[in-house]
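Analysis of the macromolecular model
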2 protein chains.
Amino acid sequence: MSASYDLNALFTPNVVAVIGASAKPGKIGNTVVQNLIDAGYEGKIIPVNPKSTEILGLPVTHNISELPQGLDLAVLTIPSKFVLGSMEELVAIGVKSAIIITAGFKEVGGEGAEMEKQIKELCEKNNVALVGPNCLGLINMNHNVNVTFAPGQPLLGRIACFSQSGALFTSILDWALGEKVGFSKFISLGNEAVLNESHVLDYLADDPDTNVVMGYMENSIDGQKFMEKAKAVTRKKPVVVVKSGVSSAGAKAAASHTGSIAGADNAYSAAFKQTGIIRAESMSEFFDLAQAFSKAPLPLGPNLAIITNAGGPGIMATDACEKTVLQMAQPSPETIEKLRTTLPDYASFRNPMDIGGDAAAPIYKAAVKEMVEDKVYDAALVILTPTSTAFKDLEEITQGLIDLIKTSKKPIFPCFMGKERISVAEQMFRDADIPFFTFPEPAINSIETMYKYVEFKNSEEQHYITPERDLDKAREVIAEAVKNGDKEIVEYKAQEILKAYDMPVLASELATSADEAAAAAEKIGFPVVLKIASEQISHKSDVGGVKVGLADADAVRATYTEVTERAAKMRPDAEISGCLIQEMVPKGCKELIIGFKRDAQFGPLLMFGLGGIYVEILKDISFRLAPLSKEDAHNIIKEIKTYKLLAGVRGEKSINFEALEDVLLKVSQLAVDFPELTEADFNPLMINSERAFAADVRLALE
Amino acid sequence: MSASYDLNALFTPNVVAVIGASAKPGKIGNTVVQNLIDAGYEGKIIPVNPKSTEILGLPVTHNISELPQGLDLAVLTIPSKFVLGSMEELVAIGVKSAIIITAGFKEVGGEGAEMEKQIKELCEKNNVALVGPNCLGLINMNHNVNVTFAPGQPLLGRIACFSQSGALFTSILDWALGEKVGFSKFISLGNEAVLNESHVLDYLADDPDTNVVMGYMENSIDGQKFMEKAKAVTRKKPVVVVKSGVSSAGAKAAASHTGSIAGADNAYSAAFKQTGIIRAESMSEFFDLAQAFSKAPLPLGPNLAIITNAGGPGIMATDACEKTVLQMAQPSPETIEKLRTTLPDYASFRNPMDIGGDAAAPIYKAAVKEMVEDKVYDAALVILTPTSTAFKDLEEITQGLIDLIKTSKKPIFPCFMGKERISVAEQMFRDADIPFFTFPEPAINSIETMYKYVEFKNSEEQHYITPERDLDKAREVIAEAVKNGDKEIVEYKAQEILKAYDMPVLASELATSADEAAAAAEKIGFPVVLKIASEQISHKSDVGGVKVGLADADAVRATYTEVTERAAKMRPDAEISGCLIQEMVPKGCKELIIGFKRDAQFGPLLMFGLGGIYVEILKDISFRLAPLSKEDAHNIIKEIKTYKLLAGVRGEKSINFEALEDVLLKVSQLAVDFPELTEADFNPLMINSERAFAADVRLALE
C-alpha cells in the first residue's frame, strides 16, 4: 500500500505550497512559512492566500488551481470546513503529498469525522501521501524542511522521531533542545487518515541519515502491517517506542479465561517483543535511550566496568547492575598491574574501581583509560561526586573523559552526581555530543538495553513452519457451528477439530447409549471419565455432568443413565447427544493453560501459563501474537516465572518441551486459519515428561 | 548512651576551635575557617596553629592547652598521626565535642585502626561527642555553623541530612543547590567512632527547625539502637533513607534454609519497615522525596486529580497511578458543572482532565483551581507540554499555578514536560520553593510515598506481647546441647523446647524399643510416622530413617527394628536414642516455612513463606526483625504474594490466621530469649483451617 505513496515528495519536496499562508505573525499559516525559511529550505516556497500579495518576502499565489502541476507538497492550515474542497483542488493539479495541520476532524466526531472520511478516500484513490489532519507537521533536517508550527528549530542529528500526539511532539522537541539531542526527521502523525507509523517505518528503514527511530504511540490502526514494517527496520537500526495506555484495558465481558485476562496492552507488548522494538516504560527512559542510542557506540558484550571516586555510588551502581543482564567481571591482571603504578594504594583494584575521593584529573584519566582498554570490558560507567578535588579538577577531568570517549569504540557513560557545580561538566559533555547522566541507574539500564539490542541483531531470523492439518475437516465442524448460530463449539465437536490438527488429545468417543458407553470404555481402557454431551450445556459440572474414575463396564453403564437422566431433568431445554467417554489423565501431569483472543488491531493473541493458582493468583502468564515462529513458541514458555517448575524441581523429570511447543504452534495455526474463532481456551492442557493432552477445550465464535 | 554526649555543644557551639587552621587557601584547615566565617557564624572562632599569628583576620592560638576550658567544639584537620595526641590535650581542657575531618584511620586498617580505637575509648570515657574521623564535617544552618571543607554554602531549609559517605555528601549538597532545596542541618558521619546515625536521629527528633530527615546509609553498627531511635523520630517527622549494598549479601554457608536465603539487606529492609523509615530505592527517588516532603503539604487521602493539556501524558500518568495505592476518583458533579462554563467543549470533564493543547493561562488556572477545591481530591498533578499556546502563556500559567499552590493545603505538583523552553517555568517554581517534575512517574510516586507516610502516622502504635512459656525447661535443653558442643539441637529434643513455648506440635513420643514404639503409636492413634532419633543423625532421610503411614502396632514394631538396625549399620558412629513416634499430618494442610537467622547488626531476622516451590522457585518470602509486634506478625503474612492462597481460593477454607500469628510470635520470642540459637527452621509448619503443626524443626547453635 505504501509503495503507491510518494514519501520522497513528502520528506524531500522541491516545491512546497502553504495553503492558508498568512502575513500575520502568530498565525499558524505564518509560523509554518517562517519555520520553512528559518530551516534554510532551498526549494521553492509558494504561500497560497486569496488576498495577500506578499508573505514574509515571498510572492503569493491566490488560487490552488494556479499551483504547478504535480506539486510535491501542500501544507494546509486553513479552517477545517475549507479543507476538503482545497484537497479536491489539490488533487486536480496532481499534488503528490499533503499535510493537513488543521484540527476539527475525526477527533471531534460528527461532521468532522465525515469530512475526514471523504478526505481519506480522496487521497487513497489519488495516491496522495497525506499526513494528518490534526497534526503539528513535519521536519526533515537533512533537506532543510520544517513545515510545523512548533516554535524554534531542532538540532541536526541521527534520530528520526514520530509522534501520535502533537503535544508530546512539542515536549520531545523541547527536551531535545535542552539536552542537545538532534534529529534527522521529526513527524507528527495526527489522526492518521492515510499515512501512519507503518508508512513512516517503511520509509525510515533505508534512510541513510537515520540511525535510530524513536516513536510515541497511543495505538496502531493496523497492527499486523505495523509488525511487518517494524520487523524490516529493527534488524537495521534500533526502534524505541513509548506507548501510553498500559492500564486502559478494562477487559470486556469475555467468553474465555484467556479473554478475561488478555488486554490490548498485552498485544502491544507482544508485538514489540516479536518485532524487536524496544519499549521504553516511561518518558524518562525514552529520553535516556534517545541520547544513548544516538550518541554512543553499541556495547558488543555484557561486561561493564565501573570507575568511581566514591564507594557508595559504586555499590549502588553494582546493585543496579545486578538487576540487569550486564555483568561486572573483574579487570585482567595486566590492567591491575598497570594501574598499581598510577593509582594511590588505597584505590580498590577491582570492579567497581573506587579511585578515592581525592582522585584528580590524571588519576581519573588513567583509571578509565586502562579499564576501557581492558579486553574484559564492553562498556564503562564513570561516576563522579563533586568532592573538593574533583570540583577543582572538574573541567580537566571532563575534557580527559571526552577525549577518551571520542576515540573509544566502547560506550563510556559519564555519571556526574550533583547539579549546580557539575553543570559545567554537563554542558561540556552535551557540547561534545556525549550522553550524560546524573544517576547510575538510568545509565546502566540504557547500557543494558543497548546490549540487548546487539543480542537481538545477532540472533537468527525467526523460523516459521505451517503444521500439517486436515483443514477441510476442521472447516466442516466450524461451518456447521456458525450455521447453527452457536456462540461456542461444544466440546465433543471441538475434539474433532483438535484431531484434524493432530493435537494430542485424550482418547475419547461419543456414546449415545449406556451400552455404547460401556463398549467405548472397554476400547479406551479403564478407568475412564464420562462427560455429558449437549450443545446447550456448556458448563457440564453444573448439571453433575462429569464423572471421573469409572472402573468397570457396569459403573459406566450406570453412570451414563444417571448423568443423562439428571441432565434431562435439570435442563429440559437441552438436546442431549449422549456422553463423551474419555481416557483418564495419567498421573504426574502438570496443568497448563493455553488460549487465544482476537485483538482488534493485532489479530490472535496467544496466552500461556501454568494453570490454576499460577494464572489466577500469581498472574504468571506470557503472550505472543499468532502466527508464532518456532522461536516464539520457545520464548513464550521460557518467559513465565514458574518456568523452572516445568523443567523439573526436586528431582522431578522435565516436561516434554518439544510436545508443548508443538501444541503452541498448532493452536497458533488454528487461530490463523479460522478468523471465525474469537477466543479459545485449552484449559487444562496436561503435560508430563512424555506427552501432552488437551483435557478440556473451549472454542468461542462471534 | 547518647544522653551523656552534649550534642548541643556540637550543633550550636558558642566557641569553635579549628585545630590545624591554615592561612593557605586550598588547605582544608583554611576552607573550614573560611566556611565558618562565610556561614555568618556569630560565636567565637579560634584558629589553632603553632606557627601563624593571624588566619583570615582571626588571632591564632598556638597550643591546645591555651584554649578555653570546657570548649564547645574542636574541629581537627591536622595529619592523622597528631590526632590522638591533640585529642588527649583537648580532653585535658574539657572539650565537649569534636569533629575529626582527617582521614587515615579505621578505613586504612593497621595502625590507623588502632589509633581510632584509642580515640574512641578516650572520647567515650570523657563524654566527648565525636564526629568522624574521616568525614567532611557538619553544617547547622539554624546556628550559622559550617565546619566542613565542602565548597559553597547550602541554602536554608527544613531538611536535616546525614551521610555515611563524604563523597555523597558533596553530591547531595550540589544537587540541592541546583534544585534550590535547603537544609537545617547537614552532617557527614565518617567512620562513626563515637557518634553514629542513632545519635543524630535522637537529636533531630525534637529539633524544631527540622521537618524532614534524610540519610544516606551504608551500614548500621548497632541495628537495634538505630531502630529504637528511628521509631522515636518517624512518628514526628518523615525519615527518608537511601541505602547502598542491596546486592552485597553474598550469603555465607548457612545451617538452615532461612540462613541461606536471608541476607543483610533483608534485615535493613525489615528494620526500615518496622520503624516507619521510608526507603528510597535510588538516588533519584531520594532527591524527588527530598523536595516533595520538604516543600509540599502532605496529602490526607489517596485521591489524585490529574490536569493536563495533552492526552498521552494524561494516560501515562494514569498508568503510573495504577501501579500505586493512589486512586483516580472522578470529579464531583458540582465541579464538572462549574468547569462547563469555563473550559472548551472538547475538554474531557473527567479525571485525568484533558483541557486541550491550546489551553491558555485562564483555562489552566480555572481547571486546577476547581479540581483542587473539589473535596474528592487530596492531591493534584498538573501536566504541561509546551504547545504553542502553552509556550506563549508559560509565565502566566506558571504564576497562576504558584499562586494556587502557595495557598492550597493539598500538594499540587507541576510536571512540565520539556527542558529548554520550559526552563523559565522550572526556575519560577524553584524560586517559589515548589517541587518541580519533568516526568509524571516520579511526581506520582512521590505523592504515593507521602500518602503512605500519612497512613503510617495515623496508624496505631504497635502492640508487643510476651507469650507465656516455660523458660527453665527450654533453657535446660539448650544448655545441655551447648555443654555437649552440639551444632544443632536434635529434633526430638527440639520438640521439648516447642512444648515449653506451647507451640502447636504433632503429638510425639520417644520410644526406645519396638514395644515402646507400638505402645506410643496406640496412644497417639494410627496411622503414625516413625523417625530415627539420634543426636548424630541430622539428615534422617539419608539413612532411610523416616517412615510414614504406619497403620497398626505390628507395622510400627517391624519398622522400628528395621529403621534402627539400618541406621546402626549405615552410621556406626551414631548413638541411637530410639525412634520418635509422631502423629500424621492431617489432610488439606498448607505447607509453610518459618525461620530465623541472627543478623550481626539487627539480631534475629524472621522469615516467612509458603513452603516448597514458593520459597525455592518464586522466592515469595517476607521478613521482620524480632521481637515482632502483633502488627508485624499480621503484616509478615500479608506481605507475601501468595497470601491469597492462605485465605483460600476456589472455595477452600481460609487457614487459621490467628493460629499462624500465634506461632510467629512464639518463634520471635524464642529467638529473643536465646541468643545461643543462631538459626532456626520450622519447615514445614503445616496449617489448615483449624490449627497449625510444627512438623519438622531445626535449631542451630553457634
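Refer to the structure printed above.
Reading the values: the criteria
- Residues numbered from 1 in each chain as written.
- Chains lettered and ligands numbered in written order.
- Predicted model: local features only at pLDDT ≥ 70, side-chain atom pairs only at ≥ 80, totals over all residues.
- Helix = DSSP H or I, 4+ residues; strand = E, 2+ residues; numbered from the N terminus.
- Buried ≥ 20, exposed ≤ 12 C-beta atoms within 10 Å, placed from the backbone.
- Contact = placed C-beta atoms within 7 Å.
- Expected span 1.5 Å × (residues − 1).
- Arc of directions from axis to C-beta.
- Axes fitted to C-alpha atoms, helices over the stretch in contact; angles between N-to-C directions.
- Parallel < 35°, antiparallel > 145°, perpendicular 65-115°, else oblique.
- Left-handed = near helix turned anticlockwise from the far one by under 90°.
- Nonpolar A, V, L, I, M, F, W, Y, C, P; charged D, E, K, R; others polar.
- Least-squares fit on C-alpha atoms with pLDDT ≥ 70 in both.
- Pairing = 2+ DSSP bridges.

Right, let's talk about the overall build of chain A for a bit. Helix and strand counts for chain A come out as 25 helices and 29 strands. Seen through its principal axes, chain A has C-alpha atoms that stretch 95 × 80 × 35 Å. Put simply, chain A has 702 residues, and 55% of those count as buried. Residue pairs in contact within chain A that sit at least 24 positions apart in sequence constitute 72% of those at least 6 positions apart.

Residues and elements named next belong to chain A. For helix H4 (residues 110-125), spanning 16 residues, the distance from its first C-alpha to its last is 23 Å, which sits close to the expected 22 Å at 1.5 Å a residue. Of all the positions in H4, only Met-115, Glu-116, Ile-119 and Cys-123 are classed as buried. Down the axis of H4, the buried side of the element spans an arc of 100°, and every buried residue falls inside it. Turned more than 90 degrees away from the buried face of H4 sit Gly-110, Glu-121 and Lys-125, all of them exposed. On its buried face, H4 sits against helix H3 (80-92) and strand S7 (129-131). With its phi angle positive at about 55°, Asn-127 sits one or two positions after the end of H4.

Think of two packed helices as two axes; the pair is described by the angle between the axes and how far apart they sit. Residue and element names in this part refer to chain B. Where helix H23 (residues 630-638) meets helix H25 (residues 657-673), the axes come as close as 9 Å, and the angle between the chain directions of the two elements is 115°. Overall, the two elements H23 and H25 adopt an arrangement that is roughly perpendicular. Here the hand of the crossing between H23 and H25 comes out right-handed. Here H23 contributes Ala-633, His-634, Ile-636 and Ile-637 to the contact with H25, which in turn contributes Phe-657, Leu-660, Glu-661, Leu-664 and Leu-665. In the contact of H23 with H25, the residues fall into seven nonpolar, one polar and one charged.

Next up on the list: the relation of the copies chain B and chain A. Superposition record for chain B on chain A: RMSD 0.1 Å, screw rotation 180°, translation along axis 0.1 Å. Considering both components of the superposition, the chain copies are consistent with a two-fold axis. No C-alpha of chain B approaches the rotation axis more nearly than that of Leu-618 of chain B, which lies at 5.0 Å. Same-surface contact between copies: 98% of interface residues of chain B are shared with the interface of chain A.

Residue and element names in this part refer to chain B. An order of S16-S15-S17-S18 is seen for the four strands of this open sheet, with the pairing classed as parallel. Where the open sheet ends on each side, the last strands, each with one partner, are strand S16 (353-354) and strand S18 (412-416). For strand S17 (residues 379-384) and S18, the ladder comprises five bridges, and the chain directions are parallel. Bridge assignment links Ile-383 to a residue of S18, and that residue is Cys-415. Along the sheet, helix H13 (residues 361-373) contacts strand S15 (304-308), S16, S17 and S18; its crossing angle with S15, the most-contacted strand, is approximately 175°. The sheet contacts of helix H17 (residues 440-458) involve S15, S17 and S18, and relative to S17 the element is tilted by about 170°.

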